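What follows is the residue order along each chain.
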Amino acid sequence: MTQYHPLTPQEAIELAKTLPGPFAADANLDCHEIGDGNLNLVFHITDQSSDKSIIIKQALPYAKVVGESWPLSLVRARIEREILQEEYRLCPGMVPEVYHYDDDLALTVMEDLSDHVIMRKGLIDGASYPLFAQHIGEFMARTLFFTSDLGMNQQQKKEQQGRFVNPDQCKITEDLIFDEPYRIAPNNNYEAAIDDEAEALRTDEALHLEIALLREKFLTHGQALLHGDLHTGSIFVTPESTKVIDPEFAFYGPMGFDVGAVLANLLLHYVSLSGRISEHSARKERETELLDMVRDVWTEFETRFRALWASDLMDPMAKTPGYQNLYVQQLFRDTIGFTGAKMVRRIVGLAHVADIDTITDAAEREHAQRKALAVGKALIKNNRHVNTIGEILDLVSSALTTVKV
């Protein structure tokens, strides 16, 4: 058994040289530590005399964003590797291919996606991704359907649930999304300019009721194997390609949590645009593009999910007339509630989004924060009563009218 220790860049190079396939034994390798996340080391290994390259990702036994006072289980590295392999089986080409792993060192060697960009950065830079909704809709439909009781043998699903119990990562989500934003907590992080908004979150009992219901669903509703952290910082893109990364928060939970994470981050970018694009017509065009993407992500997901239900359903009772419509309706409502919860936590909680935080003008940044909270709260409070994505876009528009410039 290899003794666990965080790799140095030189050790990452030496490991890469031992792997079958990518590099010659005498290759001149270069290594850069590129991890900018909160939980891991990420090494980019390149061959100086060819175009070959790989990524080595190693889990740390604590949260980088806090330090060793926040310990984490290294089991998450095994979970991440196994779900990447499962997602690759279900959606080949939409996640990085796993080449090698070492569970003792809590590391995975995988395909380098340097020809793609992180979607959050691409959106901030003004890029467009016309195929994204189609791609992510397909990814979510297949990964969620085929790991649920709808698309796999129920006993095999129960066995798989046991492999993906992920208490440390779930605890992070439970606290940061469904608890701390609604009380005074040391992890909360927001600017003094929105102290009034933070106080309003702590005293809004109608909001707390909806969050409690969403939290219960997250804790108890093991519908499907989730990615668990499916935001625009966990997606690599080009205009023609979409690759999902970083599923270390994977566990069996409510399907709407993954779909809601995607929608939340698109809407967080949407509310940031007034602080990024000063020219009116250009801003309106980009806002329309983002709202169309929100609509299309849900529509593509629902269409593909219903198609899989028609072609690959394994549960005979789920063929009962009317059941599919009720199931999808509840999935949609869950999605909208989780969308709102994800938006709120990114404004007052521990980890924010660059879409809003990098707005340089303080007044515009505050305005974007207030818009995100208004939209998030509206979605949370209405999630149990909505039925269509059109209603959601109307809710977004209505919520924004309540925010003072």
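As a convention, each chain's residues are numbered from 1 in the sequence order in which they are written. Reporting of local features is limited, given that this is a predicted model, to residues whose pLDDT is at least 70; pairs of side-chain atoms are given and counted only at 80 or more, and all residues count toward the totals for whole chains, interfaces and linings. Derived side-chain values reflect all non-hydrogen atoms in the structure, with water molecules and hydrogen atoms excluded from consideration.

Draft legend 1. Here's a closer look at the overall build of the chain. Helix and strand assignments come from DSSP, with helices taken as H or I runs of at least 4 residues and strands as E runs of at least 2, each series counted from the N terminus. Along the backbone of the chain there are 14 helices and 12 strands. C-alpha atoms define the radius of gyration in this analysis, and the globule rule sets the expected value at 2.2 Å times the number of residues to the power 0.38. Taking 405 residues into account, the globule formula puts the C-alpha radius of gyration at 22 Å, and the chain, at 21 Å, falls close to it. Along the first, second and third principal axes, the C-alpha atoms of the chain reach 65 × 55 × 40 Å. Counting only residues that meet the buried cut, the chain has 56% of its 405 residues in that class. For the chain, contacts bridging at least 24 residues in sequence account for 73% of all contacts bridging at least 6. Surface accessibility follows the Shrake-Rupley procedure with a 1.4 Å probe radius. Residue values consider only the protein chains on display as shielding. Total accessible area computed for the chain in this model is approximately 17,200 Å², and 51% of it derives from carbon and sulfur atoms. Just so you know, the count uses Lys and Arg for positive and Asp and Glu for negative, and it drops His and the chain ends. Positions of charges follow a simple convention, taking NZ of Lys, CZ of Arg, CG of Asp or CD of Glu. In the chain, which carries 39 positive and 61 negative side-chain charges, the distance between the mean positions of the two groups comes to 5 Å. Only protein chains enter the accessibility calculation, which uses a 1.4 Å probe; a residue is then buried when its area is under 20% of its type maximum, exposed when over 50%, and partly exposed in between. In what follows, a contact means two residues having at least one pair of non-hydrogen atoms within 4.5 Å.

Draft legend 2. Geometry of the sheet that holds strand E11 (residues 241–244). Strand order in the open sheet formed by 3 strands is E8-E10-E11, with antiparallel pairing between adjacent strands. The two strands at the open ends of the sheet, each matched to only one other strand, are strand E8 (117–118) and E11. Examined bridge by bridge, E8 and strand E10 (residues 235–238) share 2 bridges and lie antiparallel to one another. Residue pairing in the sheet places Val 117 in a bridge with Val 237 of E10. Across the sheet, helix H4 (residues 132–145) touches E10 and E11, and the angle it forms with E11 is around 40°. The pairing criterion is simple: DSSP has to find at least two bridges between the two strands. Only C-alpha atoms enter the line fits that serve as axes; for helices the fit covers just the stretch in contact. Angles between N-to-C directions range over 0 to 180 degrees.

Draft legend 3. Representation of the pairing of strand E6 (residues 98–102) in the model. Sheet analysis places E6 next to strand E7 (residues 107–111), joined by 4 bridges and oriented antiparallel. By the bridge assignment for E7, Asp 102 is matched with Leu 107. The hairpin formed by E6 and E7 contains 4 residues between the paired strands, and Ala 106 there has a positive phi angle of roughly 55°.

Draft legend 4. Focus on the domain arrangement of the chain. Domain delimitation follows an automatic or database domain assignment. Split by domain assignment, the chain resolves into domain 1 (9–111) and domain 2 (117–402). Contact with domain 1, which involves 23 residues of that partner, is made by 29 residues of domain 2. Buried area is understood as the total, over both parts, of accessible area removed when two parts are fitted together, assessed with a 1.4 Å probe. Across the domain 1 to domain 2 interface the summed buried area is about 2,200 Å²; carbon plus sulfur atoms make up 64%. In terms of surface lost to domain 2, no three residues of domain 1 exceed Ile 79, Leu 90 and Met 94, which account for 27% of the buried area on that side. Salt bridges are counted wherever a side-chain nitrogen of Lys or Arg sits within 4 Å of a carboxyl oxygen of Asp or Glu. Glu 111 serves as the salt-bridge partner of Lys 243, at 3.6 Å between the closest nitrogen and oxygen. Counting of polar contacts relies on pairs of N or O atoms within 3.5 Å, with two restrictions inside protein: one atom must be capable of donating a hydrogen and the other of accepting it, and residues adjacent in sequence are counted only when both atoms are side-chain atoms. Taken together, domain 1 and domain 2 are joined by 9 residue pairs in polar contact (both at pLDDT 80 or more). In terms of residues, the side of domain 1 that touches domain 2 owes the most to one element, helix H2 (residues 75–90), which gives 10 residues. The classification used treats Ala, Val, Leu, Ile, Met, Phe, Trp, Tyr, Cys and Pro as nonpolar, Asp, Glu, Lys and Arg as charged, and all other residues, Gly among them, as polar. Looking at the side of domain 1 that touches domain 2, its residues break down into 12 nonpolar, 3 polar and 8 charged.

Draft legend 5. Here's a closer look at the UniProt feature "binding site: substrate" (unreviewed entry) in the chain. As recorded in UniProt, the feature "binding site: substrate" (unreviewed entry) lies at Asp 229 and Arg 345. Annotated residues spanning 117 residues; largest pairwise C-alpha distance 13.2 Å, indicating a single compact cluster. As for its placement among the helices and strands, Asp 229 is situated in the loop between strand E9 (224–226) and E10. According to the relative accessible area criterion, Asp 229 is buried, its value standing at 15%. UniProt positions are given in the numbering used here, feature names are shortened, and annotations may be inferred rather than shown by experiment.

Draft legend 6. Highlighting unusual backbone geometry. In the Ramachandran plot, Ala 106 falls in the positive-phi region, its phi being about 55° despite a non-glycine side chain. With respect to the helices, strands and loops of the structure, Ala 106 is situated in the loop between E6 and E7. The class for Ala 106 is buried, based on a relative accessible area of 2%.

Draft legend 7. How the structure looks around the packing of helix H6 (residues 167–178) against helix H11 (residues 323–348). The interhelical angle for the contact between H6 and H11, taken along N-to-C directions, is 80°, at an axis separation of 8 Å. Here H6 lies roughly perpendicular to H11, going by the angle between them. Where H6 approaches H11, its residues Leu 176, Ile 177 and Phe 178 are matched on the opposing element by Phe 338, Ala 341, Lys 342 and Arg 345. When its residues are assigned to classes, the contact of H6 with H11 shows 5 nonpolar, no polar and 2 charged. Every angle not falling under 35 degrees, over 145, or within 65 to 115 is termed oblique; those three ranges are roughly parallel, roughly antiparallel and roughly perpendicular.

Draft legend 8. Spotlight on the environment of Ala 133. Of note, Ala 133 is situated in helix H4. Note on Ala 133: relative accessible area 8%, which makes it buried. Through-space distance from the C-alpha of Ala 133 to that of Ala 206 is 33 Å; in sequence the pair is 73 residues apart. Each residue touching Ala 133, except ones within four places of it in the same chain, is listed here: Met 293, Asp 296, Val 297 and Glu 300.

Draft legend 9. Focus on the pattern of salt bridges. Under the defined criterion, the tally for this structure stands at 31 salt bridges. Of the charged contacts, one joins Glu 366 and Arg 370 as a salt bridge, the two residues approaching to 2.8 Å between their closest N and O atoms. Placement of both Glu 366 and Arg 370 in helix H13 (residues 362–382) is noted, with a separation of 4 residues, approximately one turn of the helix. Taking relative accessible area as the criterion, Arg 370 reaches 16% and is therefore assigned buried.

Draft legend 10. Spotlight on the packing of aromatic side chains. For this analysis, a ring pair means two rings from Phe, Tyr or Trp (six-membered ring only for Trp) whose centres lie within 6.5 Å, classed as stacked if their planes differ by under 30 degrees, edge-to-face if by over 60, and tilted for the remaining angles. This structure, assessed with the given rule, holds 16 aromatic pairs. A ring pair is formed by Phe 257 and Phe 338, whose centres lie 5.4 Å apart and whose planes are at 80°; its orientation type is edge-to-face. One end of the pair, Phe 257, is in helix H9 (residues 255–272); the other, Phe 338, is in helix H11, with 81 residues separating them in the sequence. Assessed through its relative accessible area of 1%, Phe 257 is described here as buried. Aromatic pair Trp 309 and Tyr 327: ring centres 5.3 Å apart, planes at 75°, arrangement edge-to-face. With Trp 309 in helix H10 (residues 280–312) and Tyr 327 in helix H11, this residue pair connects regions lying 18 residues apart in the sequence. With a relative accessible area of 14%, Tyr 327 lands in the buried category.

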